[in-house]
Amino acid sequence: VPGSRVHEQTPCWDVVYAANSSGARDAERARHSGEFRVVILGDAFLEGRGVQPQERVSDRLEGDTGYEHLCFAGGAGGLEASYRVYRELAGQFDHDALIVGVTPAYDLRPAAADALQPGWRRELRRFTWTWNAFEALSGLAPARPPAPGADALGRELSLFYDFAEPSADALQGVLTRLRQASGQRLFAVV
């Protein structure tokens, strides 16, 4: 929400997120500029969830290069949401380059992956040691939890190549639309 301030305190961080008049977690920016500027899109990693503003990628790039890096990254909705943000908001700001952040674990994951488990079970697994111990002892889950990016049997997966074809097609589709919408601007996917 434009001009909002939200305080998030977790065991890992204590951060206040402040939105500018456009609703972006960024410094106030003019729509028009004759200077070289970069728009950044992506998920919570590029938005800087859990970090102070000066530690965000956009702020660090701006400090290192001297060029404004307009951060329009957001924590929800995936690349499809980034495309809508670019089309309806970020694209209205003068800029010469576009950086799009892709997180394979999220952007190549089938949309229904989280729907495979009942919500109550997923939440118990995330937040309670007792439930994880119960599942391990009853044989419902491996005694040792699978590594991040592993299947239920503990086999490591890489979402750089272990993904469903429809996920790759959707990713390619939204990146193609972003590339077309950005026109002749420099375009980078990270």
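Note that the structure is predicted; figures quoted are calculated from it, not measured. What you see as residue numbers is a count from 1 along each chain, following the sequence as written. At least 70 in pLDDT is required for a residue's local features to be given in this predicted model, at least 80 for side-chain atom pairs to be given and counted, and no such filter applies to totals for whole chains, interfaces and linings, which use all residues. The basis for the side-chain values is all heavy atoms of the structure; hydrogens and waters are excluded.

Draft legend 1. Inspection of the side chain of Ser 22 at higher detail. In this description a helix means any DSSP run of H or I spanning at least four residues, a strand means any run of E spanning at least two, and both kinds are numbered starting from the N terminus. By the element assignment, Ser 22 lies in the loop between β2 (14-18) and β3 (37-41). Note on exposure labels: buried denotes an accessible area under 20% of the residue type's maximum, exposed denotes more than 50%, and partly exposed covers the range between, all computed with a 1.4 Å probe on protein chains only. For Ser 22, a relative accessible area of 18% puts it in the buried group. Only heavy atoms matter for contacts: two residues are in contact if any of them lie within 4.5 Å across the pair. Apart from residues lying up to four places away in sequence, Ser 22 is in contact with Pro 2, Leu 89 and Phe 93.

Draft legend 2. Local environment of the sheet that holds strand β5 (residues 97-100). The strand order β4-β3-β5-β6 describes an open sheet built from four strands, whose pairing is parallel. Edge positions in the open sheet fall to β4 (68-71) and β6 (186-189), since each of these has one partner strand only. Sheet twist, expressed as the average angle between the axes of neighbouring strands with direction ignored, equals 20°. To get an axis, a line is fitted to the C-alpha atoms, and for a helix only the part in contact is used. The angle between two axes follows their N-to-C directions and goes from 0 to 180 degrees. Taken strand by strand, helix α2 (residues 57-65) contacts β3, β4 and β5, and its axis lies near 170° from that of β4. Sitting on the sheet, helix α7 (residues 165-181) touches β3, β5 and β6, and the angle it makes with β6 is about 160°. What makes two strands pair is DSSP finding at least two bridges between them.

Draft legend 3. A look at the side chain of Asp 43. With respect to the element layout, Asp 43 can be found in the loop between β3 and α1 (44-47). With relative accessibility at 14%, the residue Asp 43 sits in the buried group. Polar contacts, as used here, are pairs of N or O atoms within 3.5 Å; protein pairs need one atom able to donate a hydrogen and one able to accept it. Residues neighboring in sequence count only if both atoms are side-chain atoms. Polar contacts involving the side chain of Asp 43 include one to the side chain of Thr 103, which spans 2.6 Å. With residues near it in sequence (within four places) discarded, Asp 43 still touches Ala 73, Gly 74, Gly 75, Thr 103 and Tyr 106.

Draft legend 4. Structural context of the pairing of strand β1 (residues 5-9). Bridge count between β1 and β2: five bridges; the pairing is antiparallel. Looking at the pairing, His 7 lines up with Val 16 of β2. What sits between the antiparallel neighbours β1 and β2 is a turn of four residues.

Keep in mind these numbers describe shape, not what the thing actually does.
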